[in-house]
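# Tertiary structure, described
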Amino acid sequence: MAQSLAVQGGSAVRTRPWPLWPRPAAGAAEAVQQVLSSGRWSISGPYRGTDSHERRFARAFAEYNGVSHCVPAASGTASLMLALEACGVGAGDEVIVPGLSWVASGSTILGVNAVPVFCDVDPRTLCLDPAAVEAAVTERTKAIVVVHLYSAVADMDALTALAERHSLPLIEDCAQAHGAAYRGVKVGALATAGTFSMQHSKMLTSGEGGAVVTQDADFARRVEHLRADGRCLAGQRPAPGEMELVETGELMGNNRCLSEFQAALLTEQLKELDGQHAIRRRNAALLDGLLRASGYVPQETSEGTSTRTHYTYAARLPEDHLTHVGITTVARALSAELGLTVAPSYAPITRNRLYDPGSRRRYALGVEHQALTDPKRFELPVAEAAARRVLTLHHAALLGDENDMRDIAAAFGKVLRHGADLTG
């Protein structure tokens, strides 16, 4: 039984625990305690004579990304919606987005009453395919959203040129790419705006949270209004006890603000991000070599990538292997060997059970709109192929050591050798 697959009762490759995520930064507890006793738990709370933690994080994150402006927000979803609306996207407009991504890439577009146009991805990088984007542009297209997926950066040379040629704003969804860079420029600073998620699983996290970054002062001001009920930060510090948000009447918004607790936590977590990236990068390179030796194909990144980060480690099954069982069965067998969740790639958004515009009345904006937002109208063969053959690991697994990477490779090799025993 020792040589049998663990999922069938054999001994697992590994029983030791894996690195825990999230892991609090050295100064995290003290920073959160400061907020508890500060008398200010929100940017909309009274000014207490010192910079809010939200302002401190905004400055630190803008500097980290090499941009002039950062507007923190409540979530990655909120950040994407804010960026879309700041670009002027609204009812009936088309927004091009990759079809292989987390469901929020589509639902955020629906959330501003626009129409998601799902495009296929590059089979090597799993990021938005510029050729597919070019074919999808119409007179109704009002923006392009590019997602830097898993461990890859998209082809920003081609996508930037395409956006400029069609005079379209380009939004980078960097929810999975904090700290990655393309030709020496951090992602998020390569386009009209960049959006980030700080949700629990992300490499920079406060449980929930987000941010929009940009070089454009006017764009940042619009985002500020949109995320704080039409208010923006005062140009001058108010007197203690007064509001720091001012009512300008420039633009109606909603409340999508980050709390002071989250901002304080993020400021501390940011200090340790690059150190963690270095560990993940070293381990991912080792794992790449080990898995290639068994025939697996690790996800690639685009040619212009100068700094790669690893939110999710992704690898494709060897050609012509394990074709008799579904990818979910393979992932379950790997998970049993490692005591660690190994998951299939995202399903294309167009067939993700979480993406169903028809289930909510708020998107019932007429027969034409409902037809345009029907996900069944899109064909995404490359995304479909990835969903059948790509396996993924969360970045926490990459925070271990060389022995951990060898355990992962051993499990992948074992499942491949005993693949004929799998059914389902």
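To be clear, the structure that these remarks concern was listed above.
Residues numbered from 1 in each chain as written. Predicted model: local features only at pLDDT ≥ 70, side-chain atom pairs only at ≥ 80, totals over all residues. Heavy atoms only, no water.

## Focus: the overall build of the protein chain
The line we're drawing: Comment: elements are numbered from the N terminus, with helices defined as DSSP H or I runs of at least four residues and strands as E runs of at least two. With C-alpha atoms as the basis for the radius of gyration, the globule rule is written as 2.2 Å multiplied by the number of residues raised to the power 0.38. We call a residue buried when its accessible area falls under 20% of the maximum for its residue type, exposed when it is over 50%, and partly exposed in between, using a 1.4 Å probe and counting protein chains only. Only the protein chains shown count as cover for residues, and the accessible areas themselves come from Shrake-Rupley with a 1.4 Å probe.
When helices and strands are counted, the protein chain shows 13 helices and 16 strands. A compact globule built from 424 residues should have a C-alpha radius of gyration of about 22 Å, and the protein chain, at 22 Å, falls within 12% of that. Per-residue burial over the protein chain gives 58% buried out of 424 residues. Surface exposure of the protein chain reaches about 17400 Å², of which carbon and sulfur atoms provide 50%.

## Things to note about the sheet that holds strand β14 (residues 312–316)
What counts, and what does not: Any two strands with at least two DSSP bridges between them are considered paired. Contact criterion: two residues are considered in contact whenever any of their non-hydrogen atoms come within 4.5 Å of each other. All axes here are fitted lines through C-alpha atoms, helices being fitted over the stretch that makes contact, and every angle between N-to-C directions spans 0 to 180 degrees.
Strand order in the open sheet formed by four strands is β12-β14-β16-β15, and the pairing between neighbours is antiparallel. The strands lining the two open edges of the sheet, one partner per strand, are β12 (297–298) and β15 (342–344). As paired elements, β12 and β14 share two bridges and run antiparallel to each other. What sits directly across from P298, in β14, is A315. Here helix α9 (residues 273–293) sits on the sheet and contacts β12, β14 and β16 (390–394); the angle it forms with β14, its principal contact strand, is near 15°.

## Looking at unusual backbone geometry
A cis amide bond links W21 to the next residue, P22, at an omega of 0°. Checked against the element boundaries, P22 lands in the segment before α1 (28–36). Here the phi dihedral of S167 falls at roughly 55°; this positive angle occurs in a residue that is not glycine. Along the polypeptide, S167 turns up in the loop between α6 (156–165) and β5 (170–173). Of note in the backbone geometry, D320 takes a positive phi value of approximately 65° without being a glycine. Checked against the element boundaries, D320 lands in the loop between β14 and α10 (327–338). On the accessibility criterion, D320 (65% relative accessible area) is exposed.

## Describing the nonpolar core
Applied cut-off: Buried Ala, Val, Leu, Ile, Met, Phe, Trp, Tyr and Cys residues form a nonpolar core when they are joined through side-chain atoms within 4.5 Å.
With 89 residues, the main nonpolar core has F61 and I144 as its most contacted residues. Element by element, the count of residues in this core is highest for helix α3 (residues 76–86), at seven residues. Residues within four places of F61 in sequence aside, it is in contact with C70, H178, F196, M198, L204, A211, V213 and L270. Counting residues in each nonpolar core, the second largest holds 32 residues, with L291, A333, V342 and L391 among its members.

## Things to note about the sheet that holds strand β7 (residues 185–186)
The antiparallel open sheet is built from three strands, whose spatial order is β7-β6-β13. The open sheet is flanked by β7 and β13 (305–307), the only strands paired with a single partner.

## Quick notes on the environment of H166
To be explicit about the condition: Residues adjacent in sequence count toward polar contacts only when both atoms are side-chain atoms; beyond that, a polar contact is any pair of N or O atoms within 3.5 Å, and within protein one must be able to donate a hydrogen and the other to accept it.
Along the chain, H166 falls in the loop between α6 and β5. Along the backbone, H166 and E134 are 32 residues apart, and their C-alpha atoms lie at a distance of 9.4 Å. H166 has contacts with E134 and V137, leaving out every residue within four places of it along the chain. A distance of 2.7 Å separates a polar atom in the side chain of H166 from a polar atom in the side chain of E134.

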